[in-house]
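Examination of the molecular architecture
Chain by chain, the residues run as shown.
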Amino acid sequence: MPDTMNDDSFRQALQQQEFIFYYQPKVSMISGKITGAEALIRWQRSDGSIVTPDHFIPYVEQRGLIKQITRIAIDNAVDHLQKIKRLGLALQVAVNITYQDLEDDGLIKHLRSLIQSGDLDATLLQLEITERTVIRSPEEVQNRLAQLAETGMTIAIDDFGIGYTSLEVLSNLPFSTIKLDRSLIRDVATNKKKARIVSSSVRMARLLNMSTVAEGIEDKACYEKLMRLGCTYGQGYWLSRPASFEQFFELSQTRQWKGNPCGQLHLMQLDHMEWRKDILEEVSYLVSLSKSEKRKIDIETVARGHSDYRSCNLGKWYYGVGREFRQYQIYNQMEATHTALHQTGAKLIRMAAKQGRFERLQEEMNTLNELSGQIIMFLEKLETQVQYDTLKFNQVFTEQDFLQSGDMVWNRAMEKRVGYHNRGTIISRNITRFPAG
Ligand code: C2E
Ligand code: MG
Ligand code: MG
């Protein structure tokens, strides 16, 4: 309520350092581990009462004072990131910024100087900005967003799905993450239409090379549904309420939730099919061109682009988070096929650009199809294997196992029941179930 804040109380709150930050964990739905947190402001009044942002941020924004809040939020986050770094760990912290922060160069200059002085590792700071901020924003505001992204910081579009975003905003601005609003997430486990909307948003984000964070996860059913839909990260009361930095940090080192990469593995199959379709379309386009039209195209660059097996979505996954699966034989078998697939793709492009025999082209297309089929088979097998291991893991562990903490209890239980102690990161570590809410 604005009546809880006026210019005097704002000034006083600043002087008395009454603005503090709670940190709400973000959990990877692939590994079940905490990977970072969102910093959320609170006004801690002199009588000890806590005022949540909805009661004062609108006022602060309306009075044009938000930049002072953002400055404190960033400096607080940078301070904590340094503490984390000193411990040899890496967690990402996200800070909320607003339109007013982008109206001039103040924020960019401040962040750049933190990066240049070595006080901030840009990749560990994320900026969250709401949809309504960026829609219809002038060019210079959008340019500043681009400049922020160029420093290496990631930018998330907050509260996605409440009706403001145009596809143009998504395609033109440098977002790396979509935060699905909790109004979409709330009944995703029971409402089929909502589940489809979330599923297609996750898919769209992937195609645009973005990750997804689901906000407002309030129960287990919701968490598990989102995990199956391939959402990348989760945030919500069921995982943890916003807490002091110390509590958040302690949690990040001691708690792990269920992780299941099957949603991601399924999306990977779709990504691969998309890649195959794109390359075959390109081949038929090239074949349809006249000799003079073909000469205008730098075929070698196009072909080399296709031969790069590390930069397609599958490659990025394989050499990135996919490494979590390296203890699976199928994962390792996939590499040679994937490399051969890209070489064939590049070869096809070169052949299509020449006026060669059509039969040869068709033979090569068949090779591409065979390799592509093998990739799908590998991914399906991996998905089934991981699904099986996850199910087995969940089945054999009783509630009691989760409630008891400590390496000893957990490790003994694992060895006795499944002998999974060498299974690697997907289901390893000292897990204790964090109570809901
Ligand atoms: P937001 O950025 O979308 O942050 C998420 C909000 O959802 C937080 O509310 C968080 O406590 C709440 N939340 C998280 N999980 C759940 C859940 O499972 N159920 C429900 N019902 N709520 C959940 P909070 O902390 O009250 O913040 C509200 C908004 O205030 C934020 O929305 C953000 O827009 C703004 N805000 C917070 N801190 C800052 C800040 O430092 N600067 C600026 N400019 N805005 C801030
Ligand atoms: Mg936010
Ligand atoms: Mg939000």
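Residues numbered from 1 in each chain as written. Chains lettered and ligands numbered in written order. Predicted model: local features only at pLDDT ≥ 70, side-chain atom pairs only at ≥ 80, totals over all residues.

**A closer look at the overall build of the protein**
Put simply, the test is: A run of DSSP states H or I qualifies as a helix once it reaches four residues; a run of E qualifies as a strand once it reaches two. Both are numbered from the N-terminal end. Buried residues are those with 20 or more other C-beta atoms within 10 Å of their own C-beta, exposed residues have 12 or fewer, and partly exposed residues lie in between; C-beta atoms are placed from the backbone. Contact criterion: two residues are in contact if their C-beta atoms, reconstructed from the backbone, are within 7 Å.
Counting secondary structure elements, the protein contains 19 helices and nine strands. When each of the 437 residues of the protein is scored for burial, the buried share is 35%. When contacts within the protein are restricted to residue pairs at least 6 apart in sequence, long-range pairs at least 24 apart make up 70% of them.

**Structural notes on the site of ligand 1**
To keep it simple, the criterion reads: Any residue whose C-beta atom, as placed from the backbone, lies within 6 Å of a molecule or strand is termed near it. Ten residues, namely Ala, Val, Leu, Ile, Met, Phe, Trp, Tyr, Cys and Pro, are considered nonpolar, four, namely Asp, Glu, Lys and Arg, are considered charged, and the remaining ones, Gly among them, are considered polar.
Neighbouring ligand 1 are 24 residues, the closest being Leu-40, Ile-41, Pro-53, Gly-236 and Tyr-237. Mapped by element, the contributors of at least two residues to the shell around ligand 1 are strand 2 (34–44), helix 3 (66–86) and strand 6 (154–160). If you tally residues by element for the shell around ligand 1, the top one is helix 3, at three residues. Partitioning the shell around ligand 1 into residue classes produces 10 nonpolar, seven polar and seven charged.

**Remarks on the pairing of strand 5 (residues 125–130)**
Filter applied, for reference: Between any two strands, pairing holds if DSSP finds at least two bridges. By convention a crossover is right-handed if, when the strands point away from the viewer, the path from the first strand over the helix to the second runs clockwise.
Burial analysis of strand 5 places six of its six residues in the buried class, which makes it a mostly covered element. Of the two faces of strand 5, both are covered, the one formed by Leu-125, Leu-127 and Ile-129 as well as the one formed by Gln-126, Glu-128 and Thr-130. Pairing of strand 4 (residues 92–96) with strand 5 involves four bridges; the strand directions are parallel. In the sheet register, Val-95 faces strand 5, and the bridge partner there is Leu-127. Between the parallel elements strand 4 and strand 5, the chain passes through helix 4 (residues 106–116) in a crossover that is right-handed. In this sheet, strand 6 lies alongside strand 5 in parallel orientation, the contact comprising five bridges. Note that in strand 6 the partner of Ile-129 across the bridge is Ile-157.

**Side note on the pairing of strand 8 (residues 211–214)**
Pairing of strand 7 (residues 177–180) with strand 8, which is carried by four bridges, proceeds in the parallel orientation. By the bridge assignment for strand 8, Leu-180 is matched with Ala-214. Across two bridges, the pairing between strand 8 and strand 9 (residues 233–234) is parallel. The partner of Val-213 across the bridge, within strand 9, is Tyr-233. In this fold, strand 8 hands off to helix 10 (residues 220–228), which returns the chain to strand 9; that crossover is right-handed.

**Section: the nonpolar core**
Note that soluble globular proteins tend to have their nonpolar side chains buried in a common cluster. For the record, the criterion: A set of buried Ala, Val, Leu, Ile, Met, Phe, Trp, Tyr and Cys residues, joined to one another through C-beta atoms within 7 Å, is what we call a nonpolar core.
Formed by 70 residues in total, the largest nonpolar core has its most connected members in Ala-39, Ala-77, Val-93, Val-95 and Leu-226. It is helix 3 that provides the largest number of residues to this core, a total of seven residues. Every residue in contact with Val-95, bar those within four places of it in the chain, is listed here: Ala-39, Ala-73, Ile-74, Ala-77, Leu-125, Leu-127 and Glu-128.

**As for the packing of helix 14 (residues 299–307) against helix 16 (residues 329–353)**
The condition that has to hold: A fitted line through C-alpha atoms serves as each axis, taken over the contacting stretch for helices, and the angle formed by two N-to-C directions is quoted from 0 to 180°. Note that the term roughly parallel is reserved for angles under 35 degrees, roughly antiparallel for angles over 145, roughly perpendicular for angles of 65 to 115, and oblique for everything else. Each helix crossing is assigned a hand: it is left-handed if the near helix lies turned anticlockwise from the far helix by less than a right angle, otherwise right-handed if that turn is clockwise.
Relative orientation of the contacting elements helix 14 and helix 16 amounts to 160 degrees, with a least axis distance of 7 Å. As summarised for this structure, helix 14 and helix 16 are arranged roughly antiparallel, according to the angle between their axes. Where helix 14 crosses over helix 16, the two elements pack in a sense that is right-handed. Within the contact between the two elements, helix 14 uses Ile-299, Val-302, Ala-303, Arg-304, His-306 and Ser-307 and helix 16 uses His-342, Gln-343, Gly-345, Ala-346, Ile-349, Arg-350 and Ala-353. Its residues placed into classes, the contact of helix 14 with helix 16 shows six nonpolar, five polar and two charged.

**Concerning the packing of helix 3 against helix 4**
Here helix 3 crosses helix 4 at 15 degrees, and the two axes come no closer than 11 Å. By the angle between their directions, the pair helix 3 and helix 4 is classed as roughly parallel. For the crossing formed where helix 3 meets helix 4, the hand is right-handed. Side by side, helix 3 and helix 4 meet where Lys-67, Thr-70, Arg-71, Ile-74 and Val-78 of the first sit next to Gly-106, Leu-107, His-110 and Leu-114 of the second. Classifying every residue of the contact of helix 3 with helix 4 by side-chain character gives four nonpolar, three polar and two charged.

**Looking at the confidence of the model for the protein**
Just so we agree on the cut-off: The pLDDT value tells you how sure the predictor is about a given residue, anywhere from 0 up to 100.
Put simply, the protein has an average pLDDT of 86, and 88% of its residues get 70 or more. Confidence scores differ between elements of the protein, with helix 19 (residues 407–417) showing the lowest mean pLDDT of 41 and strand 4 the highest of 98. Note on residues 398–437: pLDDT is under 50 here. Beyond four places in sequence and across chains, it has 46 contacts.

**A closer look at helix 16**
Selection rule: Given a helix with a known number of residues, its expected span is that number minus one, times 1.5 Å. Axes are fitted to the seven residues ending at a residue and to the seven starting at it; the angle between these axes is taken as the bend at that residue.
The first and last C-alpha atoms of helix 16 sit 38 Å apart over 25 residues, in line with the 36 Å expected at 1.5 Å per residue. Where helix 16 bends most, the angle comes to about 25 degrees, and this point is Glu-335.

**Here's the deal with the environment of Thr-384**
Tracing the chain through its elements places Thr-384 in helix 17 (residues 358–396). On the basis of neighbour counts, which here come to 13 C-beta atoms within 10 Å, the residue Thr-384 falls in the partly exposed class. Sequence separation between Thr-384 and Cys-262 is 122 residues, and the spatial gap between their C-alpha atoms is 8.2 Å.

**Remarks on the environment of Gln-24**
Note that Gln-24 resides in strand 1 (residues 19–28). The class for Gln-24 is buried, based on 20 C-beta atoms found within 10 Å. When the C-alpha atoms of Gln-24 and Glu-38 are compared, they prove to be 5.2 Å apart, with 14 residues separating the residues in sequence. Excluding residues that lie within four positions of it along the chain, Gln-24 makes contacts with Ala-37, Glu-38, Leu-40, Gln-235, Ser-240, Arg-241 and Pro-242.

**Focus: the environment of Phe-56**
Tracing the chain through its elements places Phe-56 in the loop between strand 3 (50–51) and helix 2 (57–62). Assessed through the 22 C-beta atoms surrounding it within 10 Å, Phe-56 is described here as buried. Along the sequence, Phe-56 and Trp-43 sit 13 residues apart, while their C-alpha atoms lie 8.4 Å from each other.

**Some thoughts on unusual backbone geometry**
For Asp-159, which is not glycine, the phi dihedral falls at a positive 55 degrees. Relative to the helices and strands, Asp-159 is located in strand 6. By the C-beta count within 10 Å, which is 21 here, Asp-159 ends up buried.

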